[in-house]
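Fold and geometry: a report
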Amino acid sequence: MRINRFLAEQGVASRRGADEIVAAGRVTINGKVAQAGDKVTPSDVVALDGRELSHSVKYEYYLLNKPKGCVCTVSDERTERPRKTVMDFLPAGAGRVFPVGRLDYDTEGLLILTNDGALAYRLTAPQTEIPKTYLVKVEGSMTAVQLNRLREGVEIGKGVVTKKCRVNVIETDKSYTKLHVTLTEGKNHEVRRMFEVVGKPVQFLKRIKLGELTLRGLGRGECRKLSAEEVFYLQNL
Ligand code: URA
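For the structure given in this document, a descriptive report is provided here. Keep in mind that what you see is a predicted model, and the values were worked out from it rather than measured.

Details of the environment of Ala34
Note that Ala34 resides in the loop between strand 2 (32-33) and strand 3 (46-48). Judged by its relative accessible area of 3%, Ala34 is buried. Residues Ala34 and Lys66, spaced 32 residues apart in sequence, show a C-alpha to C-alpha distance of 41 Å.

Looking at the sheet that holds strand 3
Read from one edge to the other, the open sheet built from four strands follows the order 2-1-3-4, with strand pairing classed as antiparallel. Bordering the open sheet on either side are strand 2 and strand 4 (51-52), each of which pairs with just one other strand. Taken together, the two bridges between strand 3 and strand 4 define a ladder with antiparallel strand orientation. Residue pairing across strands places Ala47 opposite Glu52, the latter belonging to strand 4.

Comments concerning the site of the ligand
Around the ligand, the structure places Leu103, Asp104, Thr107, Tyr134, His189, Glu190, Val191, Arg192 and Leu205. Within the backbone of Asp104, a nitrogen or oxygen atom sits 2.7 Å from an oxygen atom of the ligand. Considered on its own, the ligand offers 240 Å² of accessible surface; in the complex 95% of this is hidden by protein. Most atoms of the ligand, that is more than half of them, are within 2 Å of grid points of the largest pocket. With three residues, helix 5 (residues 190-197) is the single largest residue contributor to the shell around the ligand. Across the shell around the ligand, the residue classes tally to four nonpolar, two polar and three charged. Residues lining the shell around the ligand come from more than one domain, with at least three contributed by each of domain 2 (61-127 + 218-235) and domain 3 (131-210).

The rules behind each value
- Residues numbered from 1 in each chain as written.
- Predicted model: local features only at pLDDT ≥ 70, side-chain atom pairs only at ≥ 80, totals over all residues.
- Heavy atoms only, no water.
- Helix = DSSP H or I, 4+ residues; strand = E, 2+ residues; numbered from the N terminus.
- Buried < 20%, exposed > 50% of the residue type's maximum accessible area, 1.4 Å probe, protein only.
- Pairing = 2+ DSSP bridges.
- Near = heavy atom within 4 Å.
- Polar contact = N/O pair within 3.5 Å; in protein donor to acceptor, adjacent residues only side chain to side chain.
- Areas by Shrake-Rupley, 256 points an atom, 1.4 Å probe, with all protein chains shown as cover.
- 1 Å grid on protein atoms, 1.4 Å probe; cavity = no way out; pocket = protein on both sides within 12 Å on 5 of 7 lines; lining within 4 Å.
- Sits in = over half its atoms within 2 Å of the grid points.
- Nonpolar A, V, L, I, M, F, W, Y, C, P; charged D, E, K, R; others polar.
- Domains from an automatic or database assignment.

Next comes the structure, spelled out in structure tokens:
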């Protein structure tokens, strides 16, 4: 593998950043200063600023209770007045992780951040059908017809129909209804678009579960490392 990719996978820098580090002469391969484009194999000794780098990638896994009002990207693309991102909630010293999937700017809740691309793929690939549960609040009450339309699938765009899903009312009174909605897919703005279609715009949206993983004990804006058991659970979901 090329030296810049190796450095990026170690979490040292982005690929472009890694090029600059190499160009600055800070990297050696088997004691010789590395050049851009050099390749490394697992038997090579690679060092940055004289410190040897391990060949095994150190994966990191975080669980964030995302608050609303931040974007699910590594950096906000808006250059003027960039918005807060989910990266702002990581603990100091966290590696170069990235958010797994997206929650909207105004959506709260459970978000995994990791540098493990294989797990990220598993959790977001449509064919794995991993259940994700949302707490939804809408104004007023909902009819059985509206609920059943959501359960059976609704057309949220030209030819885009949602899969069957679980929808349960958990609390209702004259002014609002709270529901749990469990989806096994993740189309863009899916929950909001589904409820728009049945005439009940979402007032509040929070992801509360991924499989059986919950946010228990984690306040809004708090972030913690996943335990080895939790990582194993997600890898085998
Ligand atoms: N569905 C949405 O509409 N928004 C989210 O953030 C997640 C699921």
